[in-house]
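# Geometric and topological summary
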Amino acid sequence: MHPPPPAAAAAMDFSQNSLFGYMEDLQELTIIERPVRRSLKTPEEIERLTVDEDLSDIERAVYLLSAGQDIQGTSVIANLPFLMRQNPAETLRRVLPKVRILNPLVSKAQLSQTVQSRLVSCKILGKLTNKFDAHTIKREILPLVKSLCQDVEYEVRSCMCRQLENIAQGIGTDLTKSVVLPELIELSRDEGCSVRLAAFETLVNLLDVFDTDDRSQTILPLVKSFCEKSFKADESILISLSFHLGKLCHGLYGIFTPDQHLRFLEFYKKLCTLGLQQENGHNENQIPPQILEQEKKYISVRKNCAYNFPAMIVFVDPKNFHMELYSTFFCLCHDPEVPVRYTIAICFYEVSKLLNSGVYLIHKELITLLQDESLEVLDALIEHLPEILELMSGGGESNIQENKLSSLPDLIPALTAAEQRAAASLKWRTHEKLLQKYACLPHVISSDQIYYRFLQRMFAIMMTNNVLPVQKAASRTLCIFLRYNRKQEQRHEVIQKLIEQLGQGKSYWNRLRFLDTCEFIIEIFSKSFFCKYFFLPAIELIHDPVANVRMKLCYLLPKVKSTLKIPADKHLLQQLEMCVRKLLCQEKDKDVLAIVKRTVLELDRMEMSMDAFQKKFYEKDLLDQEKEREELLLLEMEQLEKEKQQNDGRPMSEKTYEKKRRDTKTPTSLSKGTPISAPGPSSSAPSTSKEIKKSKLIRSQSINNQTFHAKYGNLDKCSSKSSTTAYSTSVSGLAKTSVISLTDDSFRTRNASSLPASFSPSTPLPSTSRGAGNSADPKSSGSKDTQPRKATLKSRKSNP
């Protein structure tokens, strides 16, 4: 075989995007074994190997490729990636045209070379075949490929077989059918197990390349042969076969006869239970090593079957799931091995989507996986828990709202038990993720169920958990529960507890979490809601005896100011400015003072939102207006429910309202002149006509259905708009409820005994300062702030 002319190298694809890929592979040439001379170099040899030190890297590479010895040329090839990063233009123009790749490739692929040399040649061929023109491929590359496929060493045949997929993609369909396919058929009958396995996997990966005739007449018989031999004489292929079942189902779909279809499905079912039928009376220490190794192999097979379960649903058609695959799905969800259950938990969402209206068939399996003893399985399942629950709440034999999740009485106990297991473990990241996913529950279960079974638990986690990310996740989820709570009495009770037990708590750690909660309130609720309930309790913390609390408040002040609108909230703006002035004048901690000064500059640069619409804030104004409209709707719905109870003498279920509101849609945008009142005392008075309330209710869609879809659109939009540099503004015509203005002295803390211990519906919420004791006495701040010293904000780190 003659070396190609220099033009052959130029025929290669030297585009810069493709160069980095194969030049990295060229470095493998440097590991090819070569004979080592033990004797010293002669002066003449040293002279020939010497290069002028003044040459640049590019000039040295050109010289070595032109006049250097083979070993020097190999070193240049190995150094090509570095040259391309250093000087790509000159490398492309001067160095690459002199590289003759086929010369060392052909010579090192000969049988006279070592096995290592031939293995490297196989890998390089797989990477570089598509870089040559068609003539060079036919004349030089393909004969070399066929030679390596017939190598005397099974390692070389297996390596070359695995490169045939890349080669087929570079040479086109015709050459693949005429050259590659016959080689694969021959290799599939090879005496070496690893060669047969490589041939099978390559055939599966190339199914899309072959036409229907090739697949039905050539590949399908090979697949049948593999399936039959896997149980009889060649169990080594079972793992690979089970892993590629999904690709086989897709690639051979429509080719199977009904009998072949049934036999292939039965083969899959048999793999799903492989190893489970074997019973022995030995404990693990008494099992022979070969049996243990076989059991590990069977576990891998069942795990691969779980991975391919969604593909098998498509194979049998989802409408046949209950008859054909439900029993198999049940076995996989109850498999004794964690890796199998973990894999089916990952696939649970895909299975739910494929079943669509038949998702009710796997309700019990969802409960089973939620109650799984392994937290790995739970972690895999909750990744798509909101989407799964939404599918189940909307699917089933009936779409009537009252029937949603009615067949799942164990859902709430399973969810609460899952949270308790995660909380009791050391895997706080799983606990954090679970709390974040619980934010979908207002779309799935009733407000009362959330209040009694989940909301109080979120509050307990905020108060007692020692992991900061977990506390923040609980805080945000609690805010979402509060946002969609249907009863004003319950909402007021939660707000009261947040202010008294967190904002006015004895522990500085709780007061820090109160500020985190305020940030979530600003993100999730309307601006008028924050101003009504949380504005004053938040800014009272300027008198906190712990520097870290005052520091965190300073960081929050720009977001607090963004909730105000002028002129309606002018009195609150004055209170905010008074707080800032006090901080500037009275703050003694140098770190806090430095942050105050930076915050003052940021507050001065902020533009205040006005009552009237502003063009540049139009989108944000509409978003806040929609939030406020939904908050008002909650009050109206509660009032209608009370009137209904009085008139009919029986309670009206929440789901009845859901059914009524589902028939209508909420407009996505409102006109500028739409008059809407804020959900304060001034707007809570009953309307002059009951029909007006009902008409508003009919015009509104379910809050849950509107806001909580699979991606939680409104909340995500809220989150994206809540940066410190661009704050959302209020909307036109929204009359905010006036909050009691505080005098200069009203910022002083007062005795906590003056506040009610529990909230009564008839008792107005406090909108004045924290009552945790006199701020002048540091000892009154409790266990975590008995000394008014500054603690670093990062002092409490999460567990890894």
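None of the values given here were measured: they were computed from a predicted structure. (Residues numbered from 1 in each chain as written. Predicted model: local features only at pLDDT ≥ 70, side-chain atom pairs only at ≥ 80, totals over all residues. Heavy atoms only, no water.)

Looking only at helices and strands, the chain features 41 helices and four strands. Within the span of the chain, comprising 800 residues, buried residues form 52% of the whole. Taken as a whole, the chain presents about 37,800 Å² of accessible surface, with 52% of it coming from carbon and sulfur. (Helix = DSSP H or I, 4+ residues; strand = E, 2+ residues; numbered from the N terminus. Buried < 20%, exposed > 50% of the residue type's maximum accessible area, 1.4 Å probe, protein only. Areas by Shrake-Rupley, 256 points an atom, 1.4 Å probe, with all protein chains shown as cover.)

What follows is about the packing of aromatic side chains. Taken as a whole and assessed by the stated rule, the structure comprises 19 aromatic pairs. Ring geometry for F321 against Y326: centres 6.2 Å apart, planes inclined by 80°, an arrangement best described as edge-to-face. For F321, a relative accessible area of 0% puts it in the buried group. The ring of Y484 carries the charged tip of R483 above its face, separated from the ring centre by 5.0 Å. Positioned above the aromatic ring of W509, the side-chain terminus of R513 is 4.5 Å from the ring centre. (Phe/Tyr/Trp six-rings, centres within 6.5 Å; stacked < 30°, edge-to-face > 60°. Lys NZ or Arg CZ within 6 Å of the ring centre and 35° of its normal.)

This next bit is on the environment of C518. Along the chain, C518 turns up in helix α31 (residues 508-524). For C518, a relative accessible area of 0% translates into the label buried. In this structure C518 touches F530, F534, A538 and L556, once residues within four positions along its chain are discounted. (Contact = heavy atoms within 4.5 Å.)

Going from I566 to P567, the amide bond is cis rather than trans, its omega being 10°. Relative to the helices and strands, P567 resides in the loop between β1 (565-566) and α35 (570-586). The backbone of D317 shows a phi angle near 80°, a positive value even though the residue is not glycine. Structurally, D317 can be placed in the loop between α19 (309-316) and α20 (321-324). According to the relative accessible area criterion, D317 is partly exposed, its value standing at 32%.

What follows deals with the environment of Y298. As for its position among the elements, Y298 is in helix α18 (residues 289-307). Accessibility expressed as a relative area gives 5% for Y298, which makes it buried. Taking the C-alpha atoms as reference points, Y298 and L238, 60 residues apart in sequence, are found 8.6 Å from one another.

Moving on: the nonpolar core. Among the nonpolar cores identified, the biggest contains 200 residues, and F309, Y438, L441, F534 and F535 are the most heavily contacted of them. When near neighbours in sequence (up to four residues on either side) are disregarded, L441 contacts L389, L415, I450, F454 and F481. (Core = buried A, V, L, I, M, F, W, Y, C linked by side-chain atoms within 4.5 Å.)

An α-helix turns once every 3.6 residues. As a result, residues three or four positions apart point the same way. Compared with the 22 Å implied by 1.5 Å per residue over 16 residues, the 23 Å span of helix α29 (residues 468-483) between its first and last C-alpha is a close match. Most of α29 is tucked away: 14 of the 16 residues are buried. (Expected span 1.5 Å × (residues − 1).)

To continue, consider helix α12 (residues 173-187). Taking 1.5 Å of rise per residue, the 15 residues of α12 would be expected to cover 21 Å, and the 20 Å separating its terminal C-alpha atoms lies within 8% of that figure. The axis of α12 is deflected most strongly, by about 35°, at V180, and proline P182 appears within four residues downstream. The complete set of buried residues in α12 reads L175, T176, V179, V180, L181, E183, L184, I185 and L187. (Bend = angle between axes of the 7 residues up to and from the residue.)

The final tally for this structure, using the stated rule, is 26 salt bridges. Here R483 and E630 are joined by a salt bridge, their closest N and O atoms 2.7 Å apart. One end of the pair, R483, is in helix α29; the other, E630, is in helix α37 (residues 618-648), with 147 residues separating them in the sequence. Accessibility assignment for this pair places R483 and E630 in one class, buried. Residues joined in a network through salt bridges with shared partners are K177, D211 and D214. (Salt bridge = Lys/Arg side-chain N within 4 Å of Asp/Glu carboxyl O.)

Looking now at the side chain of D190. Locating D190 in the fold gives a position in the loop between α12 and α13 (193-205). Overall, D190 belongs to the buried group, its relative accessible area being 13%. Engagement of the side chain of D190 in a polar contact is seen with the backbone nitrogen of G192, the distance being 2.7 Å. Here D190 is in contact with R157, V195 and R196, once residues within four sequence places are set aside. (Polar contact = N/O pair within 3.5 Å; in protein donor to acceptor, adjacent residues only side chain to side chain.)

Helix-helix packing: each pair is described by the crossing angle between the helix axes and the interaxial distance. For the pair helix α17 (residues 258-272) and α19, the least separation of the axes is 12 Å and the interaxial angle reads 155°. On the basis of their axis angle, the class for α17 and α19 is roughly antiparallel. The element α17 and its partner α19 pack so that their crossing is left-handed. On α19, the residues that touch H261, F264, L265 and Y268 of α17 are F309, M312, F315 and V316. Per-class residue counts for the contact of α17 with α19 are seven nonpolar, one polar and no charged. (Axes fitted to C-alpha atoms, helices over the stretch in contact; angles between N-to-C directions. Parallel < 35°, antiparallel > 145°, perpendicular 65-115°, else oblique. Left-handed = near helix turned anticlockwise from the far one by under 90°. Nonpolar A, V, L, I, M, F, W, Y, C, P; charged D, E, K, R; others polar.)

What follows covers the confidence of the model for the chain. Parts of the prediction with low pLDDT should not have their coordinates interpreted in detail. Mean pLDDT over the chain works out to 76, with 70% of the residues at or above the 70 mark. For the stretch residues 396-404, pLDDT sits under 50, and the model shows 19 contacts to residues farther than four places along the chain or on other chains. Considering only residues more than four positions removed or in separate chains, one finds that residues 766-800, a stretch of pLDDT under 50, has 86 contacts. (pLDDT = per-residue confidence, 0-100.)

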